[in-house]
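# Structural overview for review
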Amino acid sequence: MAVLGPGGVGGLVGALLARAGHRVVCLAGAETAGTLRKDGLHVTSGRFGAFRVPVEADTELREPAGLLFVTVKETALADALERVPAAALGGGLVLPLLNGADHLGPLRERYPAEQVAAATIRVESTRVAPGRIEHTSPFAGIELAGRTVPRERLDHTAALLREAGFGATVRDDETALLWDKLVFLAPMALLTTRYGATVGAVREQRRPELLALLDEIAAVARAAGAAAEPGEVLGFLEGAPGSMKSSMQRDAEAGRPLELDAIGGSVLRAAERHGLPAPLTAEIVAELRARTARS
Ligand SMILES: NC(=O)C1=CN([C@@H]2O[C@H](COP(=O)(O)OP(=O)(O)OC[C@H]3O[C@@H](n4cnc5c(N)ncnc54)[C@H](OP(=O)(O)O)[C@@H]3O)[C@@H](O)[C@H]2O)C=CC1
Ligand SMILES: CC(C)(CO)C(=O)C(=O)O
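Residues numbered from 1 in each chain as written. Chains lettered and ligands numbered in written order. Predicted model: local features only at pLDDT ≥ 70, side-chain atom pairs only at ≥ 80, totals over all residues. Heavy atoms only, no water.

- The protein has the name 2-dehydropantoate 2-reductase in an unreviewed UniProt entry, where Streptomyces xinghaiensis is given as its organism.
- Its UniProt record gives the protein a comment under Sequence similarities (unreviewed entry), which states: "Belongs to the ketopantoate reductase family."
- Check the Catalytic activity (unreviewed entry) section of the UniProt entry for the protein; it says "(R)-pantoate + NADP(+) = 2-dehydropantoate + NADPH + H(+)". (UniProt positions renumbered as here; feature names shortened; annotations may be inferred.)

Following this line, the structure appears as structure tokens:
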């Protein structure tokens with residue numbers, strides 16, 4: 001199997017699958033690929049322990065892979081996909097673990113639609129240096145669905161992920177799956193980034209704004225097809241470790257591009273499609289956009 005983008009998410013997925021005995025090829029830029037070939041992937045995790053595992057690495061997919069995890073940031077997706085020509089993929093299943101709701105279209109234009117599933121991952125995992133991954137959440141759960149993909153293929157993939165240590169379930173509705181993640185991720189990412197604060201600090205110090213944003217985004221998610229019951233979403237946010245940071249917040253701290261279009265933009269486009277107001281989302285997205293343009 002192949003992992004396009006062996007960072008926080010991809011590095012953890014690749015390392016656990018390699019540890020479970022699978023042949024894993026990580027696809028990355030020349031420098032990172034060189035480091036991985038030499039040193040393998042190093043993981044520290046409260047749930048999975050600290051371990052190092054050898055992996056293969058290359059700058060391009062050169063032979064068919066049964067399974068391709070797409071784990072780059074959305075801001076790097078178009079460039080990164082150049083490393084996986086459709087002809088090289090063969091009959092492999094593409095499993096994008098990106099946040100956001102709008103990346104399946106471009107993937108299904110590039111690869112056969114019956115080979116592109118929808119998936120989300122709930123995890124906090126950070127690439128602290130090339131090939132060095134810190135997994136800091138007590139949870140590591142993957143959900144899969146796929147309007148266009150045969151169910152048995154998804155069931156087989158989920159079983160393989162469970163064997164490697166992830167929680168993994170297959171769902172029927174891919175739109176609900178993507179929005180069930182976005183409905184808690186978007187408020188968490190936007191507010192932790194706006195205030196440079198952990199999830200716990202946002203929960204305690206920005207509670208009215210958190211609740212207002214959650215209501216706004218939950219209404220959009222319901223219109224898009226998710227259950228998005230605000231009490232349930234709040235329950236997940238309340239249960240997240242207080243020290244947790246969002247990946248968008250970590251990108252802001254490091255001066256990297258933000259996935260604003262994938263996360264906030266997905267909400268705003270859906271709000272417009274369904275004729276719903278989303279003024280607070282729009283305000284925060286505009287503020288963060290202006291902030292990144294200045295820096
Ligand atoms: N981190 C998290 O806890 C979570 C993240 N997500 C989502 O998962 C996705 C991935 O995020 P995350 O793992 O944090 O991202 P990272 O920035 O940690 O990792 C991205 C990886 O992609 C590589 N990369 C960048 N550009 C290219 C390219 N052109 N070709 C090949 N590889 C490239 C990077 O290489 P290099 O190592 O050389 O920089 C890096 O290894 C995002 O959509 C994010 O929102 C979802 C849930 C949780
Ligand atoms: C909030 C979190 C860590 C949950 O999976 C996430 O998806 C992200 O920060 O991108």
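## Some details on the site of ligand 2
- Surveying the vicinity of ligand 2 reveals the residues Asn99, Ile121, Arg122, Val123, Lys181, Leu185, Met188, Met244, Ser246 and Ser247.
- Between ligand 2 and Asn99, the relevant distance is 2.8 Å, taken from an oxygen atom to a side-chain nitrogen or oxygen of the residue.
- For ligand 2, an oxygen atom lies 3.0 Å from a polar atom in the backbone of Val123.
- Burial of ligand 2 by the protein chains amounts to 95% of its free accessible area of 290 Å².
- Of all the cavities here, the one that holds ligand 2 is the largest pocket.
- Here the shell around ligand 2 gets three residues from one element, more than from any other, and that element is helix 7 (residues 174-195).
- Its residues assigned to classes, the shell around ligand 2 comprises five nonpolar, three polar and two charged.
- Counting the residues that make up the shell around ligand 2, at least three belong to each of domain 1 (2-172) and domain 2 (176-294). (Near = heavy atom within 4 Å. Polar contact = N/O pair within 3.5 Å; in protein donor to acceptor, adjacent residues only side chain to side chain. Areas by Shrake-Rupley, 256 points an atom, 1.4 Å probe, with all protein chains shown as cover. 1 Å grid on protein atoms, 1.4 Å probe; cavity = no way out; pocket = protein on both sides within 12 Å on 5 of 7 lines; lining within 4 Å. Sits in = over half its atoms within 2 Å of the grid points. Helix = DSSP H or I, 4+ residues; strand = E, 2+ residues; numbered from the N terminus. Nonpolar A, V, L, I, M, F, W, Y, C, P; charged D, E, K, R; others polar. Domains from an automatic or database assignment.)

## What about the domain arrangement of the protein?
- We note that the domain assignment places domain 1 (2-172) and domain 2 (176-294) within the protein.
- Here the C-alpha centre of domain 2 lies 24 Å away from the C-alpha centre of domain 1.
- Taken together, the contact pairs 22 residues of domain 1 with 23 residues of domain 2.
- Between domain 1 and domain 2, a total of about 2,100 Å² is buried, with carbon and sulfur atoms accounting for 57% of that surface.
- Here domain 1 is connected to domain 2 by four salt bridges.
- Arg250 is the salt-bridge partner of Glu124, the closest N and O atoms lying 2.7 Å from each other. (Contact = heavy atoms within 4.5 Å. Buried area = accessible area lost by both parts, 1.4 Å probe. Salt bridge = Lys/Arg side-chain N within 4 Å of Asp/Glu carboxyl O.)

## Observations regarding the layout of surface pockets
- Taken as a whole, the largest pocket encloses approximately 1,200 Å³ of empty space.
- Listing elements by their share of the lining of the largest pocket, those giving two or more residues are helix 1 (8-19), helix 3 (77-81), strand 8 (118-122), strand 9 (125-129), helix 7 and helix 11 (247-254).
- The element contributing the most residues to the lining of the largest pocket is helix 7, with four residues.
- The residue inventory of the lining of the largest pocket, partitioned by class, reads 20 nonpolar, twelve polar and twelve charged.
- Among the domains, domain 1 (2-172) and domain 2 (176-294) are the pair contributing at least three residues each to the lining of the largest pocket. (Points joined across faces, edges and corners; volume = space filled by probe spheres on them.)

## Structural notes on the nonpolar core
- One finds Trp179, Leu182, Leu190, Met248 and Ile263 to be the most contacted residues of the largest nonpolar core, which totals 44 residues.
- For this core, the element with the highest residue contribution is helix 7, accounting for ten residues.
- Here Ile263 is in contact with Asn99, Leu182, Leu185, Ala186, Ala189 and Met248, once residues within four sequence places are set aside.
- Grouped together as the second largest cluster of nonpolar side chains are 41 residues, Met1, Ala18, Ala57 and Leu144 included. (Core = buried A, V, L, I, M, F, W, Y, C linked by side-chain atoms within 4.5 Å. Buried < 20%, exposed > 50% of the residue type's maximum accessible area, 1.4 Å probe, protein only.)

## Looking at the sheet that holds strand 11 (residues 141-145)
- One open sheet accounts for three strands, arranged 8-11-12; its pairing is mixed. Strand pairing shows two members of the sheet lacking a second neighbour, strand 8 and strand 12 (167-170), which therefore form its edges. Strand-to-strand twist of the sheet, defined as the mean angle between neighbouring strand axes without regard to direction, takes the value 15°.
- Where strand 8 lies against strand 11, five bridges are found, and the strand directions are antiparallel. Within strand 11, the residue paired with Ala118 across the bridge is Ala145.
- Sheet contacts for helix 6 (residues 151-164): strand 11 and strand 12; angle to strand 12, the most-contacted strand, approximately 170°.
- Contacting strand 8 and strand 11, helix 7 runs over the sheet at an angle of about 30° to strand 8. (Pairing = 2+ DSSP bridges. Axes fitted to C-alpha atoms, helices over the stretch in contact; angles between N-to-C directions.)

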